[in-house]
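# Descriptive analysis of the structure
This is what each chain is made of:
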Amino acid sequence: MNKKWLGCGGLVVLGLIVGLWAVGLYNGLVSGNEKVNEAWAQVENVYQRRADLIPNLVETVKGSAGFEQTTLQNIVDARSRVGQVSADSSILSDPAKFAQFEQAQGQLSSALSRLLVVVENYPDLKSTVAFRDLMSQLEGTENRISVERKRFNEVARDWNVQVKRFPTSLFIRLLGWDFRDKAYFTAQPGAETAPKVDFNSGANR
């Protein structure tokens, strides 16, 4: 009889140990997931900062006589497409939606790069205080975007390793916990190639 109770007691203790371990594992995953969400929020903040600068930038450039209108329209259109793509943290576990977000941001980056190249042909515009101030803010924002994207990738990598490790991955599947891989930022196709601008064309001036 004593052996039976000892056996039952041992199972109870083992169950408690496993249960406590599972609770600790779950809480660790919740914490890790929140770190990813926090890093993503910082990415959203800097991208939003860039989007907020664009209307003032466009208005400032418009004031320059004969500035290439196609370049400005491309920026306005790219910014509009960015606003149409969901950026909440739910896209982190949806590779297709994440790729759509990254593509929209990449198109805006390309449009802004073209603007910077075209501006070289307008020294009067470059010399204005308002434009220089906006360029300084934009440059700082682009740097922050690069920093926050890198930080997010690092946090997302740590998270993906965490959820794939055994026995964590086994518990996630068995208990139906909603913890999935997170997407990464990648280099956009053609990002290494500078935009081409034909200064000899006066069609848009």
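Use the structure listed above.
Summary of the structure given here. Owing to the predicted nature of the structure, the values given are computational and were not obtained by experimental measurement. Counting restarts for each chain: residues are numbered from 1 in the order of the written sequence. For this predicted model, a pLDDT threshold of at least 70 governs which residues receive local features, and a threshold of 80 or more governs which side-chain atom pairs are given and counted, while totals over whole chains, interfaces and linings are taken from all residues. Only heavy atoms go into the side-chain values, all of them from the structure, while hydrogens and water stay out.

### Some points on the overall build of the chain
- Put simply, DSSP marks the helices as runs of H or I at least four residues long and the strands as runs of E at least two long, and each gets a number from the N terminus on. Scanning the chain from N- to C-terminus turns up six helices and zero strands.
- In sequence order, the secondary structure elements of the chain are arranged as α-α-α-α-α-α.
- When a residue's accessible area, from a 1.4 Å probe over protein chains only, is under 20% of the maximum for its type it is buried; when over 50% it is exposed; and in between it is partly exposed. The buried share of the chain, taken over its 205 residues, is 33%.
- Within the chain, contacts between residues separated by at least 24 positions form 81% of all contacts whose residues are at least 6 apart in sequence. Here, residues are in contact when the closest pair of their heavy atoms is within 4.5 Å.

### Section: the packing of aromatic side chains
- Side-chain rings of Phe, Tyr and Trp (the six-membered ring for Trp) are treated as a pair once their centres are within 6.5 Å; stacked means planes under 30 degrees apart, edge-to-face means over 60, and tilted covers the remaining angles. Under the definition given, this model contains 12 aromatic pairs.
- Here Y26 and W177 contribute two aromatic rings whose centre-to-centre distance is 5.1 Å and whose plane-to-plane angle is 70°, an arrangement assigned as edge-to-face. With a gap of 151 residues between them, Y26 in helix 1 (residues 2–62) and W177 in the segment after helix 6 (168–175) connect regions that are remote in the sequence.
- Taking the relative accessible area as the measure of exposure, Y26 reaches 35% and is therefore partly exposed.
- Assessed through its relative accessible area of 17%, W177 is described here as buried.
- Seen from their ring centres, W159 and F179 are 5.7 Å apart, and the 70° between their planes marks the pair as edge-to-face. With W159 in helix 5 (residues 129–164) and F179 in the segment after helix 6, this residue pair connects regions lying 20 residues apart in the sequence.
- Using a relative accessible area of 11% as the deciding quantity, one classes F179 as buried.
- By the ring-pair criterion, three or more aromatic residues cluster together here, those being W40, Y47, F98, F101, F152 and F185.

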